[in-house]
Amino acid sequence: MRREHHARLPRMCFDPARKPPASLPSLLTAVLIAGVLVALAAGPAGAGGDGFRKETTRAVRAHEKARAHVDRLRADDARTTEVRSAERRRKAIRAGLWDALWSVARDAGDPVAVDPSGRAGRCPAARTRSRAPEGRDGDWRAPTRRYRLSAGYAARGSRWAHRHTGQDFAVPTGTPVYAVGPGTVRATTCGDGFGNQVIVRHPDGYFTQYAHLSRIDVRKDGRVVAGQRLGLSGATGNVTGPHLHFEVRITPYMGSAVSPLPWLRRKSVDIGG
């Protein structure tokens, strides 16, 4: 369960048999990747401190910058070799972040790392699995309906030890919660501050989290499509009232969240806010 990647620095960082990068930006990118991964590799020993959080935040930003660079290259019809090189850099940053956060999650007993199927926690689930909606063309969509946006990404407040890591949708208990896009269910867990939750991995490598559910309607490793019901909203875990906590992550683990509304807008989903 540790990872689904190969945590390796790009060869050009340290392989003397290869020719040095042709451009200064490429060299600087390689140095940045090396610095981020080395810092994260040393991080888990003090994972609860501000230093580790700063390094993971730095890695998340570096990943998103690298992802944007790949997108620009593809939009500009850059050479295939150039796109592949940029994509390798992005994956190297994600690999270091993934390994560091997995180690911390495992040591902390995070159910996503130690019990992703939710069997040990006996998470509440429907007797029958949800079915894919009929007639949908695969478009991405909002995670629920008739909502009011409440706490947003990076919001501050006494309810969170640090900044808020997702977008909250205020809805009554029992409101259907849907997959925002196609993917595979990575985890269906319960018992921690997120209560009953589902995490879905999407084809672009990002993960979406749906937390505080009253019921889970899918199982780990199941495939889902946009608009398929994952469960029902609720108030499980650490909450002050019923709502859906929606999060977008680079890895399945806490500490790798990105702003969800811009991410959804890149999928042509505008939920307001």
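This is a predicted model, so every value here is computed, not measured. (Residues numbered from 1 in each chain as written. Predicted model: local features only at pLDDT ≥ 70, side-chain atom pairs only at ≥ 80, totals over all residues. Heavy atoms only, no water.)

**Q** Honestly, the packing of aromatic side chains in this entry has me stumped. Any pointers?
**A** Each aromatic ring pair is characterised by the separation of its centres together with the angle its planes make. Counting across every chain of the model gives seven aromatic pairs. Here Phe 169 and Phe 246 contribute two aromatic rings whose centre-to-centre distance is 6.3 Å and whose plane-to-plane angle is 85 degrees, an arrangement assigned as edge-to-face. Taken together, the residues Phe 169 in strand β2 (residues 167-170) and Phe 246 in strand β9 (residues 244-249) connect sequence positions 77 residues apart. This pair shows no difference in class: Phe 169 is buried, exactly as Phe 246 is. Among the aromatic side chains, those forming a connected cluster through ring pairs are Tyr 147, Phe 169, Tyr 210 and Phe 246. (Phe/Tyr/Trp six-rings, centres within 6.5 Å; stacked < 30°, edge-to-face > 60°. Helix = DSSP H or I, 4+ residues; strand = E, 2+ residues; numbered from the N terminus. Buried < 20%, exposed > 50% of the residue type's maximum accessible area, 1.4 Å probe, protein only.)

**Q** I'm lost on the packing of helix α2 (residues 50-75) against helix α3 (residues 80-108) in this one. Help?
**A** A pair of packed helices is captured by two measures, namely the crossing angle of their axes and the spacing between those axes. Between α2 and α3, the shortest axis-to-axis distance is 9 Å and the interhelical angle comes to 155 degrees. With respect to α3, the axis of α2 lies roughly antiparallel. In this structure, α2 meets α3 at a crossing whose hand is left-handed. Together, Phe 52, Thr 56, Ala 59, Val 60, Ala 62, His 63, Ala 66, Arg 67, His 69, Val 70, Leu 73 and Arg 74 of α2 and Glu 82, Val 83, Ala 86, Glu 87, Arg 90, Ile 93, Arg 94, Leu 97, Ala 100, Leu 101 and Val 104 of α3 make up the contact between the two elements. Residue composition of the contact of α2 with α3, by class: 14 nonpolar, three polar and six charged. (Axes fitted to C-alpha atoms, helices over the stretch in contact; angles between N-to-C directions. Parallel < 35°, antiparallel > 145°, perpendicular 65-115°, else oblique. Left-handed = near helix turned anticlockwise from the far one by under 90°. Contact = heavy atoms within 4.5 Å. Nonpolar A, V, L, I, M, F, W, Y, C, P; charged D, E, K, R; others polar.)

**Q** Help me understand the nonpolar core, please; the structure alone is not making it clear to me.
**A** As a rule of thumb, soluble globular proteins bury nonpolar side chains together. Val 198, Tyr 210, Leu 230 and Tyr 253 are the most contacted members of the largest nonpolar core, which totals 42 residues. Contributions of two or more residues to this core are made by α2, α3, α4 (111-114), β4 (183-189), β5 (196-201), β6 (207-216), β9 and α5 (260-266). Among the elements that line this core, the one with the most residues is α3, at six residues. (Core = buried A, V, L, I, M, F, W, Y, C linked by side-chain atoms within 4.5 Å.)

**Q** What should I look at first to understand α2 in this one?
**A** Each α-helix turn comprises 3.6 residues. Residues three or four places apart therefore point the same way. Under the 1.5 Å per step criterion, the end-to-end length of α2 is 37 Å for 26 residues, consistent within 8% with the ideal 38 Å. For α2, every residue scored as buried is listed here: Phe 52, Thr 56, Ala 59, Val 60, Ala 62, His 63, Glu 64, Ala 66, Arg 67, Val 70 and Leu 73. One or two positions beyond α2, positive phi appears at Asp 77, with a value near 55 degrees. (Expected span 1.5 Å × (residues − 1).)

**Q** What exactly am I supposed to notice about unusual backbone geometry here?
**A** Note: most peptide bonds trans; most residues except glycine with negative phi. Phi is positive for Arg 146, close to 50 degrees, though the residue is something other than glycine. Tracing the backbone through its elements, the reader meets Arg 146 in the loop between α4 and β1 (148-149). By relative accessible area, which is 76% here, Arg 146 ends up exposed. With a phi angle near 75 degrees, Asp 221 is a residue other than glycine that sits in the positive phi range. Note on placement: Asp 221 falls in the loop between β6 and β7 (223-224).

**Q** How do you make sense of the state of the cysteines when you look at a structure like this?
**A** Among covalent bonds in proteins, the disulfide is the one between the sulfur atoms of two cysteines. With the rule as written, the count across this model stands at one disulfide. Two residues share a disulfide in this structure: Cys 123 and Cys 190, whose sulfurs sit 2.1 Å from each other. Measuring handedness by torsion sign, the sulfur bridge of Cys 123 and Cys 190 sits at about -90 degrees and is left-handed. Note that Cys 123 is positioned in the loop between α4 and β1 and Cys 190 in the loop between β4 and β5, a separation of 67 residues in sequence. Of the two residues examined, Cys 123 and Cys 190, each falls in the buried class. (Disulfide = S-S within 2.5 Å.)

**Q** Would you mind showing me how to read the confidence of the model for the protein chain here?
**A** Detailed reading of the predicted coordinates is not advisable wherever pLDDT falls low. In this model, the protein chain carries an average pLDDT of 83, and 77% of its residues clear a pLDDT of 70 or more. When the criterion is pLDDT under 50, residues 5-24 qualifies, and its contacts beyond four places in sequence or with other chains add up to 24 contacts. pLDDT under 50 marks residues 41-46. Its contacts with residues more than four places away, or in other chains, come to six contacts. (pLDDT = per-residue confidence, 0-100.)

**Q** Would you explain the pattern of salt bridges in this entry?
**A** Two side chains bearing opposite charge may form a pair once their charged atoms approach each other closely. This model, assessed by the stated rule, comprises 11 salt bridges. A salt bridge links Asp 217 to Arg 229; the nearest nitrogen and oxygen atoms lie 2.5 Å apart. Of the two residues, Asp 217 sits in the loop between β6 and β7 while Arg 229 sits in strand β8 (residues 229-233), which places them 12 residues apart along the sequence. On the basis of relative accessible area, Arg 229 is assigned to the partly exposed category, the value being 29%. For Glu 247, the salt bridge identified is with Arg 249, shortest N-O distance 2.7 Å. (Salt bridge = Lys/Arg side-chain N within 4 Å of Asp/Glu carboxyl O.)

**Q** I tried to follow the pairing of β6 on my own but got confused; where do I start?
**A** Looking along a regular strand, one sees the side chains alternate between the two faces of the sheet. Most of β6 is tucked away, with eight of its 10 residues classed as buried. Bridging between β5 and β6 involves five bridges; their strand directions are antiparallel. Across the sheet, Ile 199 pairs through a bridge with Gln 209, a residue of β6. Hairpin connection from β5 to β6: five residues lie between these consecutive antiparallel strands, with Gly 205 at a positive phi of about 95 degrees. Relative to β9, β6 runs antiparallel, the two being bridged by five bridges. Paired with Phe 207 across the strands is Arg 249, a residue of β9. (Pairing = 2+ DSSP bridges.)

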